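Chain by chain, the residues run as shown.
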Amino acid sequence: MPEMNMVQAINDALRFEMQQDDRVVVLGEDVGKVGGVFRVTAGLFDEFGADRVIDTPLSEGGIIGTAVGMALYGLRPIPEIQFSDFIFPAYDQIVSEVAKYRYRSGGEFPCNMVIRTPVGGGIRGGHYHSQSPEAQFIHVAGLKVVCPSTAADAKGLLLASIRDPDPVLFFEPKRVYRAAKGEVPEGDYTVELGKANVIREGKSLTVISYGAMLYEAMDAAEKAAEHGIECEVIDLRTLWPLDIDTIIASVKKTGRVVIVHEAPRSCGLGGELVSLINEKAFLHLEAPPRRVTGFDTPFPYTLEMEYLPLSHRILPALTETANY
Amino acid sequence: MKRREEGLEFFRQLLLIRRFEEESARAYSMGKIGGFLHLYIGQEAIAVGACAAIQKDDYAVTTYRDHGLALARGMPPGVAMAELYGKQTGCSQGLGGSMHFFHSETNMLGGHGIVGGHRPLAAGVAFASKYQGYPHVTLAFYGEGASSIGASHEAMSLAALWKLPIVFICENNQYAMGTPLKRHLSITDISLKADAYGMAKDRFVADDVFTVRDRIQAAVDRARSGEGPTLIEIRTYRFRGHSMSDPAKYRTKSELDAEKQRDALTRLEKQLLEDDGTKDQVAAIRETVEAEIAEAIQFAESSPEPGLELLEATTYDGDFAR
Ligand SMILES: Cc1ncc(C[n+]2csc(CCOP(=O)(O)OP(=O)(O)O)c2C)c(N)n1
């Protein structure tokens, strides 16, 4: 199996599907000739031409809006939003059209597209190049939301997303775009949507995370192991719909749970997870569920490493929850 | 006589911005400034000319490429540099960085990172000044790339309908990141957009700061006297990449060299050096600017980092933060 980083793996998935299926088109700002600001679409323009790898004007509402029409006609559009911070001019299209088309047409017009967008902090980007808005899309019924943490998952989940009959928001954790390196299966390879991955087994405590923060959670879990705390670490991979069975099975086993995400705390995915765990595993809990998250502020420019829930902030939550 | 003094002052400002930008690029390369740094090098004549056309109490709103406008409006270079360094003494307490320059003393309403998003709010500022009966004019700068986004059209539509005292200044530097104008707009004369809203328009090249000032002045006068908004397209060029992380491979060196021939700073310096009434002062201005920049860097370097408490306290007024 070839070794790839996440950028290469996503590029590989796009290329593979474009070769297989000529309904697949990619559109976005500088995705064509330039190959994307993170080089994710590099080479696709040369291979598939300007009709399939479409450089758009600076017009997020236009990008998503036209992708809706393309999908309704039967294409498989993959719009890219350059940074997830710039998705909001298109929020109306996503919330009012993309998410609701299937439902309000009585199932006649599914709106299958994959909106790819880099997410999260860690590159000193400040307010508008760092945010994690996933919860704002989960809250909109009708969208699936995916966030891989490894290169292989990025490929497998992207191919599954493109073939999924529903619209998918595909968040790419840019902090680990190049750092998340590993073996990636060649050719056709899918990872089923809605399935979490238990990447570390343990009996003391369940740790749930995704995207770039998964690595921080893993690091903290390894350090906790030095204190005899064996964490079970779950990589959600698909943020919505959640793999609730895997989560609940783990929490029933450990009785303790810590959730880690870099998005702001309030009304984040962590809050929903805690509710579900309370509803479905209340009698198994031996400690209050904990969240280690970003802050309820805009993403700051200077205090980035304080804002992010890095390993050193996660570790005390793990030990306290384990010893509660 | 007046023109000579003006010329020298314009030169000082153009040079200050140029040198500020060169030094921020250097600090960025050394890792002292993070994130995305969009330099104004090549476009200085627009901010300097525009600020010379407005009064102290007027308002200015711009994009993330905002250092030049802030300095031309009179933000102290040290405060600006400290913001780039993310220091507490920066104009936005170090929380914003390069793209978020705000300065209430000079009515500099930011630094905006969402392309086009600031244009409607600029119209709102103009509305408010008109509503309260103050003779203020608002300048709203944007890049030609912002022409396609909805907020741009909503802003112009409202500004024209309500005859607001605002001047939209399109800094057409020919590229929206890696995409040249002709690949992202169906027309390349951006000033034509004004016609759709029944708004006055103008269009010229930014190679001479006097021209920039005078042409913007005419629009500002119209706005101030109640004749409504103007859309001005000013052709310019950025000599560097879109931001520090852009190697600008999408354009040729010969194109860049040709554009540099029109550099308003070099041209003005040449004029000043050829004029016996000004030539002796050029070196002195260079020295003052150099000292000012050195002081700004020193100020930024020695200022304190923001403390953790800033993560919470600034979100709301008062004690609402948890
Ligand atoms: C809504 C939104 N979409 C995308 C971006 C990313 N982006 C930042 S600047 C830019 C190009 C802007 O070009 P232009 O308006 O011509 O201004 P210039 O940078 O040339 O000054 C893009 C695509 C953004 N900041 N905001």
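Refer to the structure printed above.
Engineer: Sorry if this is basic, but what is going on with the overall build of chain A here?
Structural biologist: The secondary structure content of chain A amounts to twelve helices and 14 strands. What you see for chain A is a C-alpha radius of gyration of 19 Å, in line with the 20 Å of a compact globule of 324 residues. Principal-axis analysis of the C-alpha atoms places the extent of chain A at approximately 60 × 40 × 40 Å. Within chain A, buried positions represent 59% of all 324 residues.

Engineer: Got a minute to help me understand the packing of helix α9 (residues 244-254) of chain A against helix α10 (residues 269-281) of chain A in this structure?
Structural biologist: Residue and element names in this part refer to chain A. Contact pair α9 / α10: the axes reach a minimum separation of 10 Å and the direction vectors enclose 65 degrees. The interaxial crossing formed by α9 with α10 has right-handed handedness. Of α10, the residues touching α9 (which contributes I244, I248, V251 and K252) are L276, I277, K280 and A281. Here the residues of the contact of α9 with α10 sort into six nonpolar, no polar and two charged.

Engineer: Is there a simple way to explain the site of the ligand in this structure?
Structural biologist: Around the ligand there are 20 residues in total, and A:F86, B:V115, B:G143, B:G145 and B:A176 lie nearest to it. With respect to the ligand, its neighbouring residues span chains A and B. Grouping the constituent residues of the shell around the ligand by class yields nine nonpolar, seven polar and four charged.

Engineer: Got a minute to help me understand the interface of chain B and chain A in this structure?
Structural biologist: Contacts between chain B and chain A engage 35 residues on the former and 27 residues on the latter. Of all the elements in the fold, those that place two or more residues in the side of chain B that touches chain A are α6 (150-161), α7 (181-184) and α13 (310-313) of chain B. For the side of chain B that touches chain A, the element with the most residues is α13(B), which contributes three residues. Each residue belonging to the side of chain B that touches chain A can be placed in one class, and the counts come to 16 nonpolar, 16 polar and three charged.

Engineer: What should I look at first to understand the packing of helix α1 (residues 2-29) of chain B against helix α2 (residues 44-52) of chain B in this one?
Structural biologist: The relative placement of two packed helices is expressed as an angle between their axes plus a distance between the axes. Residues and elements named next belong to chain B. Interhelical geometry of α1 versus α2 gives an angle of 135 degrees and a closest axis separation of 9 Å. In terms of orientation, α1 and α2 fall into the oblique class. Our pair here, α1 against α2, has a crossing hand that is right-handed. Judged by residue contacts, F10, Q13, L14, I17 and R18 of α1 engage E44, A45, A47 and V48 from α2. For the contact of α1 with α2, the residue count by class is six nonpolar, one polar and two charged.

Engineer: Sorry, what's going on with the environment of B:I54 here?
Structural biologist: Tracing the sequence through the fold places B:I54 in the loop between α2 and β1 (59-61). Spatially, the C-alpha atoms of B:I54 and B:H242 are 28 Å apart, while their sequence positions differ by 188 residues.

Engineer: Explanation requested: the sheet that holds strand β9 (residues 197-200) of chain A in the structure shown.
Structural biologist: Backbone hydrogen bonds are what pair the strands of a sheet, in a parallel or an antiparallel way. Residues and elements named next belong to chain A. Spatially, the five strands line up as an open sheet ordered β9-β11-β10-β13-β14, and their pairing is mixed. Each edge of the open sheet carries a strand with a single partner, namely β9 and β14 (290-293). The mean inter-strand angle of the sheet, taken between neighbouring strand axes irrespective of direction, is 25 degrees. Bridge count for strand β10 (residues 205-209) against strand β13 (residues 257-261) is three bridges, and the pairing is parallel. Residue pairing across strands places I208 opposite I259, the latter belonging to β13.

Engineer: Just checking my understanding: could you explain the pairing of strand β2 (residues 24-28) of chain A for this structure?
Structural biologist: The two faces of the sheet receive side chains in turn, since in a regular strand these alternate between them. Residues and elements named next belong to chain A. The buried fraction of β2 is high, at four of five residues. Bridging between β2 and strand β4 (residues 76-80) involves five bridges; their strand directions are parallel. Residue L27 lies in a different strand from β4, and its bridge partner there is P79. As paired strands, β2 and strand β3 (residues 53-55) are joined by three bridges and run parallel to one another. For V26, the partnering residue across the bridge sits in β3 and is V53.

Rules and cut-offs
- Residues numbered from 1 in each chain as written.
- Chains lettered and ligands numbered in written order.
- Predicted model: local features only at pLDDT ≥ 70, side-chain atom pairs only at ≥ 80, totals over all residues.
- Helix = DSSP H or I, 4+ residues; strand = E, 2+ residues; numbered from the N terminus.
- Rg over C-alpha atoms; globule rule 2.2 N^0.38 Å.
- Buried ≥ 20, exposed ≤ 12 C-beta atoms within 10 Å, placed from the backbone.
- Axes fitted to C-alpha atoms, helices over the stretch in contact; angles between N-to-C directions.
- Left-handed = near helix turned anticlockwise from the far one by under 90°.
- Contact = placed C-beta atoms within 7 Å.
- Nonpolar A, V, L, I, M, F, W, Y, C, P; charged D, E, K, R; others polar.
- Near = placed C-beta within 6 Å.
- Parallel < 35°, antiparallel > 145°, perpendicular 65-115°, else oblique.
- Pairing = 2+ DSSP bridges.

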